Every structure is written in C-alpha cells, then in structure tokens.
Amino acid sequence: MPDPCQPLASPLSVDQMSGEQAPGPKEQEWAGPEALCPGWLEDEVPDGEVPEDSGDPDSATHAYELLQRALCQEGLPPTLDRSAEPRTGFGPLDMTVCILGSPTAFLPVLLEGGTRCPGAMVLCLSPSWAKRVPSETSPGAWSLLLSRGVSFQAGGHSTLETFVPPRRANYVTGTFVAGGTEGGWVGELARDLDCPTGGSVPLARRLEDPLVTRWVLATRASLPVPPTLAFVLGSGGPLPAEPVAPGVKVVRLEDPQGQESLVKEEVGTFLGGTAMQPYSQVVVRPAGWRWRGTGTRSTHGKEEGAAVAQAVSARLRGLREEDTVLLEALVPTARLPVPPPRSPAPRLPVALRICTLVCRSWGDRPQLCQVACGVGRAEAPVRHGATLPQGLDSSLQQWGVVATSQRQALATRLRVASEAAMAALLAAEAELSPQQRGGARAHTDLLGVDFLLACVDDALELVALSTNSQRCLETCLLADAMGRAVGEPHGDLPRLLAEALLHRAQCHLVEGKDILLIGAGGVSKSFVWEAARNYGLRIHLVESDPEHFAAGLVETFLPYDSREHRRDEEHAERVTELLRSRGLRPHACLSYWDDCVVLAALVCQRLGLPGNSPAAVRVAKQKSRTHQHLQRCRGGRPPPSTFAVPCRRLRSHGDVERAAGTVPFPAVAKLEFGAGGVGVRLVETPGQCHAHAARLWRDLRDDADHPGIGLGWGNAMLLMEYVPGTEHDVDLVVFQGRLLGAWVSDNGPTRLPAFLETAACLPSCLPPDRCAQLVRAAFQCCLACGLRDGVFNVELKLGPAGPRLLEINPRMGGFYLRDWIREVYGPDLLLAAVLVALGLPPVLPARPVPRTHLAGVMCLGSEHGGVLGGSGVGGGLETLLGLQERGLVRLNRLFEEPGGAGEYEEPCLSVACQGGTRAEACLRLLGLCQALGIDSPRYPVEHFLSHFK
C-alpha cells in the first residue's frame, strides 16, 4: 500500500539516469509524434481468428479447432471428447468458473486453474452450450447453466463434457468486445447474472472510451494524462454534469453545425494554454468505443490554429451522442542520454509504450500482475499485437536508465500508478446503476492500463494514456509464453489471474450457506459479524450469554449455557436437540472461540458435518496432553517428538513437587486450558512455582473469575521447561491433511515474569529457511495430534537448534492476526475456516508475497489507561481513531475495558503502523507511540521493536 502521506510519484531527474553528459537543446530530439499519439491505443482491431470468422452458425466447431491448435502449440494433449458420457452429480458446493468466448484469450489461465482446482474451470465456446434461467436467489437476475463445456484438469489435460443436469456457474467472465453489438452472445449470456461477473459489454465500452477513463484517472487517481480538449454532444453520456479534471477540458455542444466560433475559441485557448507549452504537436480524432480500430486521425503543429479548428469542425459534423472529438497533445517518449553507439550509423527515433495488467485480487484490492513494453519506429504507431513485447527492466536500460535503483524506483511508481488507476475505476463503477454495469454483480476484474514514460521539466513522469479490457491481457500472456519458450521459469501471471477468478467463485459459493457458530467471543471478534454479512453467510449462533451484543446481528440466536466445558458431551447433545427443534440444518459448524472448540467438534460429529475428531481437538486443547502425545510420536524425519517440551500437569502442590524432579528450572507455569497468556509466569525455583500456583488457584477458580480464558475447563496448571529463543505465531490452513497456506509472524520480547505480549510484526524478520522450519514444525505437530482440517494457530519458540512448540490453538488465530494477514497478504482466515468447514479446499496464494509491512504494540490498561482515556488532538483513543480513519494506523480492540489486573492482566488494544519496509513501519510506530505517550521508561517501545531486525 502506498503511504497516504506521500505523493503518488516523486520525480526522477533525467540527469540521474546516466553518467553521460545530458544532450544540449539541439540534440534533444523527441521520438516521432505519430507513434506517440495517445490515440495509438485505440487504433487496432483484435488480430487473429475468432469464432465469429467461421461459417459455423454458432461458432463452436471453429472455436474448438482453434483450441486444439493452441493446445498443440503449448505441447499439450488434444481435448478428450467425453460428451457422449454425461457428467452428473454436481451439487451446490461444486465450483464452476465459466469463461465465455475466445478459446485462446484465457487459455493459460484455464490451464493454471485446472491445476489448482481440477475441473472447476470450464470454457464455453457457443451460446448453445448454456442457458439463462431466472435466479432463485436474486429477483430480476439470471442464473447461467452450462449443458456443455471444455473443463481443464491438472497437467494441461482438457475434456469436452456434457452436464446433466446443467452445471451452475459461480463466476463468469469472457471476451467482452466493446465494438460488438449488445446482442453479442458473450455479452448476452453474461448480462444480469446472479453470480460475480468479471466484466460486461457496457463496462468494456467505458474502458475503451478514452475521455471517460482519462477523466477518472486524472480526478480519482491523480495520474497525469495527455492534455486533452474534448467536444461532446448534449450530456456527454457517462460523464458527470460538470466534469473537471486536471489536463482534461470538456466542451458540450448543442448543435456542432452552428457553433464554429465557440469551437475556434476553445481550440485557440487550448493551443495557447500552459498545459500545451511543453508540446509542439496535436492530434485530432474521433473517440469512443465505436471508433476503436478505425485509425482515423490527423496530426498538426501547435501553431496551425486555423487548420486544427477546421479539422475539429470537420470531425464534429458526423458526431453522435456516444462519440467524442478529441484534440490532444502529442506527448513524446522521454529521450534520455544513452552511451555512444557502437557504429556510426544514425540512430532512428523510436517509441515506447508500457502496458500493465492489473487484477482485482484478495479483498477487492488491485494487484499489478505483469508489465510488458512495446518498442517501435517513431513514424509508425506501436500497436498492441503489432510488436513483440519485452520486459520493463530491459526497456528502461535500452532507454538509458542505467542505475538499478532508478529502474526499481520507476517499477515501484508504475505499480503504484497502475493499482491506483484500477482502484479509481472500480470506485467509479460502484457508483453506476446495475443497468449501466450490465448487471448488479458485474465488475471489472481484469484491467489493462497503458502508460508513456514522458519527460516533464527534466524529470521522468508516467503519463496514463488509456485503459482496455483485454488487449493488455493478450500482450502480457504473449510475453509470458515467449519467456517460457527460451527456458525462463513460468511467470506469475496465469497463477495470479487463476487465483483471483477462483477466489471470487468461492466467495459466491459460500453465499447463503447456513453456518452454525459455537461461541460469540468478545469485542475482539466483532469483525465476524461484518464479514459474515459481506460474504452472505447465514449465521446461527449458540452463545452462553443471553444478552450478547451479537444476538441482533445473526440469522438465529440460540442462547445456551455451555460454560461448564467438562460437560461438553452433554452440551453437544442439547445443542443438536435445539437445532432439530428449530428445524435448522446447517451446512457447516465451527468455532473461533478457544473455550468452544471441543464442543464444536462434538456437534460436527453428531450432525455428520466435516471437521476434526473430538479426540484430536481435545489433545490440542489440553497443553500438557499435547506435549506428552507428541513425545510419543517418534516416526518421521524429524519426528514430532523433536518439537515437544518436557512438561507435567499440576492439580495440587504434590504435583508441583513431583514435577520439580523432572522439569528443569527455570520453567514456565501456566493454566492447562488457558488463553490470552493469562496466568503464565516464569518460575526459577520450586518455591516460586508453589507460590504462583497457590495464588492462581485462589484467584482463578471458574469462568466467572475471568471469563474467556478457559476456566470453564477447570484451573489445572502445568509446568514446562523454559525454551529460549524468539517467539513466533504460525497460522495454518489445512485441508484433508494438506497444507494449503501458512503465515509466520514475530513477537517482540515478552514482559517477564508474566510473559505478556508487547509487540509483533508481519511479515517475519526471519530468512525463508528459518520460516520454513517453523511452518514445518507447526504442520507436523498439528498432523501428529490428528488435526487434519481447519485453520490453526501454533505458537512456537525458535532457538539455535530449531523450533520448539509452546502450544496449539485448534482455531483461527486471535488478537490482530486475521486482520494483519488480510492486510499484508490478502487472504481471509475467516473465509478459509468457513470453506474448510464446508468441506471445500480454500484457494490461497501459492506464492504469497507481502504487499506491505506491519509493526504493532500492545497497550495495557495499567500502563496506558490514562493515555487511552484522554481525548482531543495530541493523545487518547479519539486521536487514534482519527488516525485510523486516515489510514495512518491499524487498531484492533481486544477488550471494551482492560481485562484483569496485575499478573492476570490482558492487553486491551493493538496499535500498528505499516510501511513499505519493516524499518519504515517500526519508525512510524515508534514516533506515534512517543507522541501519544504509549512509549515510556516503564514500557520501552523502542526496545520492543528493536528485536525486529
């Protein structure tokens, strides 16, 4: 994420690009204007064969032949025809991503998706292969049912299949052609669907309209665009009533025939304005989606005012309401100093176009997928599909950007600019009516943005030229295929796009599902209710507190007192009876509240729902039992026993004496079923252990003494060997014994002797091999305990000899972890937990890359009560909330009021800052804590953060 306090792009001086002497004014030549016209992006029709080119009435035969040729070129086997053997058995939990139209445009994505989720990606080549039926869930919308399609499997295998009954699409996209008629079969099939739709003909038309997109990019993304004067008729279609944008002027005409004087005046003002000062030439052209591919334009010198006005007037004579006449500056590619040529032959002026492809990724956030550059002669426009693409880094080197750091800086600016462009266009789309978008569920999920590297005031600047719905996709996929042909490793593009499409299909798949949730938790779990609403889940909540605030936020509230968890077998039977009496038949059951994980497993068992066995959850829930079980697991390389720590259960002072003979000191004494770190203490002698146990057994006897920390299971303790090293959380997603995702975070030094958490950071500071050790140890421990399905949080120490287990939490990580993982990596642990509980493998990033760094500190009531209680500018919770609204901090409220006191105290608030690097995030956080008084000699935040190196 870019820093909201910093400008989008800081200028890079041309002089910084090379050690060569900058050319003088006479040598400072611009690349030829014809190639650099912003309109060059709208001047080509998609090349190659398309299904509509054949004489086949529904195009299926010809499209199928194209698919076979494309598979052959990739070295893959031909499609296996099994259409005579209908496929059956597709149910409401089967995922279907449907691609409509061209068999080649999305082929790499289909192949990658077939590897990730075999059979889920289906290519529809003909309108006769699908039908629209009225939606059962969304009045006025339609469901798309597939009776035939080409499905893709692992290893590049494809199969032509018929589906009986027809297969319901969970996500639909395709080759939406802006120049096609509204009745084109791809656009017609995808119109007004009840599932997410990655585009539409109306949205493609908006993207292909340079005036609309330039206005959005200039106003909402603050991106430079070519100086543009646009003449429109009447309302101007999708533009606002009074469009105002930097670099874009719109003139509305009632009748172009009688307004020659106005046209002449506006043209003269534009040509003589300050925006045109750096440029010497302009282009006049008609624009809008109808004009894509015509190449109709004329080029003029800036000083030829009369000729320019005449050319504009000539174009206006045929103007229709959806069209525009553009007068725009010819922005030349930056001409940078380059080393002397190897031969005396004259250099020919060339032009560069930078093509970016952005997708709507996890959490609806834009993500740059790939960049490809086109280079060509200046006197002939560089068109998509007319030149072989090349990489950004080599293009910049060719252009004279010598320093690696400068090329990296430009690449970063390009990523920020392209993602900002998509965010702006998505925000503008959200304001459109369903009819304007082509359906309530239609959104742009793949976006191409073309840029020019210009030189403005001796600094390099990225100028946004236009957007498109598919041409950048084809260019970037071509670049990826070219790399593979010369032995380059597979690029990330097909994987990123397949993951985005499959993820959106899974989000739709969970809509309307009935989820039984055991235990509501406190304010720290408030995110669950908003997330459930956003995902369309119907939550049926079993909760011990009949007055819980979540009662009004769920589909069904089932008050039932299960706090005495030693009777969970009885509770499970009562809960299932409660469900039967209400006629509830949930699709899944789970719990993220530590106290209720065993009860949830028992209920799953009784209802026949997917989940871990109660025995496995009991082993993980009871800390001493976890370690003692692992110590007996001696198979494997290394065996799980490697990660176990010597420990003994304490239920009496006699147990303390016996444990002291087997567990070396210093040791750690804590609650057997505890949560939140309450009651954990470092003890250096048996006497200290006796004293701590006496206090704890006196103060914490049942759940009423300190709710939510596991006292419903009793107050037994354990004594375990103290493990030196750094402390880490590993959050895992496991499905049927397979590891699907893992995230490692670091904890700062705990406040001894109570082991209170002080600080944390994500991603981990550790090198990849050390992170891999932690993930492997956590995964092996979960499997050894019998945990094969779910989202688990594992706490470990990492010392010189490797990882050692502290404890397994057989539920989603608490505190800030779900929020942080979403922000840094994208995936949502809550959605993953729901999918696993439904019996579905979540689609997660195969190669997760952090998009930001987070560092945070915990606040305590005892240390920060006064600070957090303050108000106004300069301190207090109100100040923090204001900073959060501006995106400058992330707050995670753990309790409404500070929990516990003294050695039983729990953190009440997590305050975090983010940055492009870990050092930047820590520096911001430290400055914030010092300004607000969170940092103090008694609570040295700088010391806590110093461990993150």
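Now for a quick tour of the structure. Bear in mind the structure is a predicted one, so any value in this text is a computation, not a measurement.

Reading guide: rules and limits
Residues numbered from 1 in each chain as written. Predicted model: local features only at pLDDT ≥ 70, side-chain atom pairs only at ≥ 80, totals over all residues. Heavy atoms only, no water. Helix = DSSP H or I, 4+ residues; strand = E, 2+ residues; numbered from the N terminus. Areas by Shrake-Rupley, 256 points an atom, 1.4 Å probe, with all protein chains shown as cover. Pairing = 2+ DSSP bridges. Axes fitted to C-alpha atoms, helices over the stretch in contact; angles between N-to-C directions. Phe/Tyr/Trp six-rings, centres within 6.5 Å; stacked < 30°, edge-to-face > 60°. Buried < 20%, exposed > 50% of the residue type's maximum accessible area, 1.4 Å probe, protein only. Parallel < 35°, antiparallel > 145°, perpendicular 65-115°, else oblique. Left-handed = near helix turned anticlockwise from the far one by under 90°. Contact = heavy atoms within 4.5 Å. Right-handed = clockwise from strand over helix to strand, strands pointing away. Polar contact = N/O pair within 3.5 Å; in protein donor to acceptor, adjacent residues only side chain to side chain. Arc of directions from axis to C-beta. Nonpolar A, V, L, I, M, F, W, Y, C, P; charged D, E, K, R; others polar. Core = buried A, V, L, I, M, F, W, Y, C linked by side-chain atoms within 4.5 Å. Salt bridge = Lys/Arg side-chain N within 4 Å of Asp/Glu carboxyl O.

**Section: the overall build of the chain**
The number of helices and strands found in the chain is 27 helices and 33 strands. Summed over all atoms, the accessible surface of the chain reaches about 37,900 Å², with 52% contributed by carbon and sulfur.

**Some points on the sheet that holds strand 20 (residues 556-559)**
Taken in spatial order, the 4 strands line up as 20-19-18-21 in an open sheet, and their pairing is parallel. The open sheet is flanked by strand 20 and strand 21 (588-590), the only strands paired with a single partner. The mean inter-strand angle of the sheet, taken between neighbouring strand axes irrespective of direction, is 20°. By the bridge criterion, 4 bridges tie strand 19 (residues 538-543) to strand 20 in an arrangement that is parallel. The residue of strand 20 that forms the bridge with Leu541 is Phe557.

**Topic: the packing of aromatic side chains**
Applying the stated criterion to the full structure yields 6 aromatic pairs. Seen from their ring centres, Phe673 and Trp713 are 5.3 Å apart, and the 15° between their planes marks the pair as stacked. One end of the pair, Phe673, is in the loop between strand 23 (667-671) and strand 24 (681-683); the other, Trp713, is in the loop between helix 20 (686-699) and strand 25 (717-721), with 40 residues separating them in the sequence. You can call Phe673 buried: its relative accessible area is 7%. With a relative accessible area of 8%, Trp713 lands in the buried category. Aromatic side chains Tyr722 and Phe755 sit 6.4 Å apart centroid to centroid with 45° between the ring planes, which places their arrangement in the tilted category. One end of the pair, Tyr722, is in the loop between strand 25 and strand 26 (726-735); the other, Phe755, is in the loop between strand 27 (738-747) and strand 28 (759-762), with 33 residues separating them in the sequence.

**Things to note about the packing of helix 7 (residues 260-271) against helix 8 (residues 305-316)**
At a closest axis distance of 9 Å, the pairing of helix 7 and helix 8 adopts a crossing angle of 130°. Viewed along their axes, helix 7 and helix 8 adopt a mutual orientation that is oblique. At the point where helix 7 passes helix 8, the crossing takes the right-handed sense. Two secondary-structure elements touch here, helix 7 through Val263, Lys264, Val267 and Leu271 and helix 8 through Gly305, Val308, Ala309, Val312, Ser313 and Leu316.

**Remarks on the pairing of strand 19**
Where burial is concerned, most of strand 19 is hidden: 5 out of the 6 residues are buried. Where strand 18 (residues 514-518) and strand 19 come together, 5 bridges link them in parallel fashion. When the sheet's bridge partners are listed, Ile515 is paired in strand 19 with Ile539. Tracing the backbone out of strand 18, into helix 14 (residues 527-535) and back to the parallel element strand 19 gives a crossover that is right-handed.

**Re the environment of Glu795**
Take Glu795: it is sitting in strand 29 (residues 790-799). Glu795 gets classed as buried once you look at its relative accessible area, which sits at 18%. Separated by 64 residues in sequence, Glu795 and Asp731 place their C-alpha atoms 8.8 Å apart. Once residues lying within four places of it in the same chain are set aside, the contact partners of Glu795 are Glu727, His728, Asp729, Leu805, Leu806, Glu807 and Asn809. At 3.2 Å, the side chain of Glu795 and the side chain of Asn809 are in polar contact.

**Some points on helix 22 (residues 817-825)**
A large share of helix 22 lies buried, amounting to 8 of its 9 residues. The set of residues buried in helix 22 consists of Leu817, Arg818, Asp819, Trp820, Ile821, Glu823, Val824 and Tyr825. Positive phi shows up at Gly826, right after helix 22, with a value of about 110°.

**Observations regarding the sheet that holds strand 29**
Taken in spatial order, the 8 strands make up an open sheet running 30-29-26-27-28-31-33-32, and their pairing is antiparallel. Among the strands making up the open sheet, the edge pair consists of strand 30 (802-809) and strand 32 (890-893). Strand after strand, the sheet turns through a mean of 25° between neighbouring axes, direction not considered. When strand 32 meets strand 33 (residues 909-915), the two strands line up antiparallel, connected through 4 bridges. Paired with Arg890 across the strands is Ala912, a residue of strand 33. Each of strand 28, strand 31 (853-859) and strand 33 is contacted by helix 26 (residues 918-932), which is oriented at about 135° to strand 33, the strand it contacts most.

**Observations concerning helix 19 (residues 653-660)**
Along helix 19, the positions that sit buried rather than exposed are Asp655, Val656 and Ala659. Down the axis of helix 19, the smallest arc covering the buried residues is 105°, so these residues share one side. Contact partners of the buried residues in helix 19: strand 22 (647-650), helix 20 and strand 25.

**Concerning the packing of helix 16 (residues 597-607) against helix 17 (residues 614-621)**
For the pair helix 16 and helix 17, interaxial distance at closest approach is 9 Å and the crossing angle is 175°. With respect to their mutual orientation, helix 16 and helix 17 come out roughly antiparallel. Contact residues: helix 16 offers Val597, Val598, Ala601, Leu602 and Gln605, while helix 17 offers Pro614, Val617, Arg618 and Lys621. Taken together, the residues that form the contact of helix 16 with helix 17 break down as 6 nonpolar, 1 polar and 2 charged.

**Focus on the nonpolar core**
One finds Leu100 and Trp529 to be the most contacted residues of the largest nonpolar core, which totals 143 residues. In terms of residues, this core owes the most to one element, helix 13 (residues 493-509), which gives 10 residues. Apart from the residues within four sequence positions on either side, Leu100 is in contact with Cys124, Leu144, Val172, Thr173, Gly174, Thr175, Trp185, Val186, Leu189 and Ala190.

**Details of the pattern of salt bridges**
Here the structure, examined in full by the defined rule, presents 44 salt bridges. Here Glu208 and Arg471 are joined by a salt bridge, their closest N and O atoms 2.5 Å apart. With Glu208 in the loop between helix 5 (201-207) and helix 6 (210-220) and Arg471 in helix 12 (residues 471-485), this residue pair connects regions lying 263 residues apart in the sequence. For Glu863, the salt bridge is made with Arg938, and the minimal N-O distance between the two is 2.6 Å. Here the residue Glu863 occupies a position in helix 24 (residues 861-869), and Arg938 occupies one in the loop between helix 26 and helix 27 (941-945), the gap between them amounting to 75 residues.

**Digging into the pairing of strand 17 (residues 459-468)**
The buried fraction of strand 17 is high, at 9 of 10 residues. What sits between the antiparallel neighbours strand 16 (residues 446-456) and strand 17 is a turn of 2 residues, in which Asp457 has the positive phi angle 50°.

**What about unusual backbone geometry?**
With an omega dihedral of -5°, the bond running from Val164 to Pro165 counts as a cis peptide bond. Mapped onto the fold, Pro165 is located in strand 7 (residues 158-168). Looking along the chain, the bond that leaves Leu762 and enters Pro763 is cis, with omega of 0°. Tracing the backbone through its elements, the reader meets Pro763 in the loop between strand 28 and helix 21 (768-785). Positive phi, normally seen in glycine, also occurs at Asp192, with a value near 55°. Its location among the elements puts Asp192 in the loop between helix 4 (185-189) and helix 5. Backbone geometry at Ser222 places phi at a positive 55°, although glycine is not the residue there. Considering the arrangement of structural elements, one finds Ser222 in the loop between helix 6 and strand 9 (228-233). Under the relative-accessibility criterion, Ser222 is labelled exposed at 57%.

**Side note on the side chain of Glu863**
In this structure Glu863 comes out as buried when scored by relative accessible area, which is 17%. Setting aside chain neighbours within four positions, we find Glu863 in contact with Arg751, Arg938 and Tyr939.

**Focus on the side chain of Ser591**
By the secondary structure assignment, Ser591 is in the loop between strand 21 and helix 16. Looking at Ser591, its side chain comes within polar contact range of the main-chain nitrogen of Trp593, at 3.2 Å. Those residues in contact with Ser591, other than ones at most four positions away along the chain, are Leu517, Ile518, Cys596, Val597, Ala600 and Arg811.

**Let's talk about the environment of Ser946**
Along the polypeptide, Ser946 turns up in the segment after helix 27. The class of Ser946 is partly exposed, set by a relative accessible area of 31%. Sequence separation between Ser946 and Cys922 is 24 residues; the distance between their C-alpha atoms is 8.7 Å.

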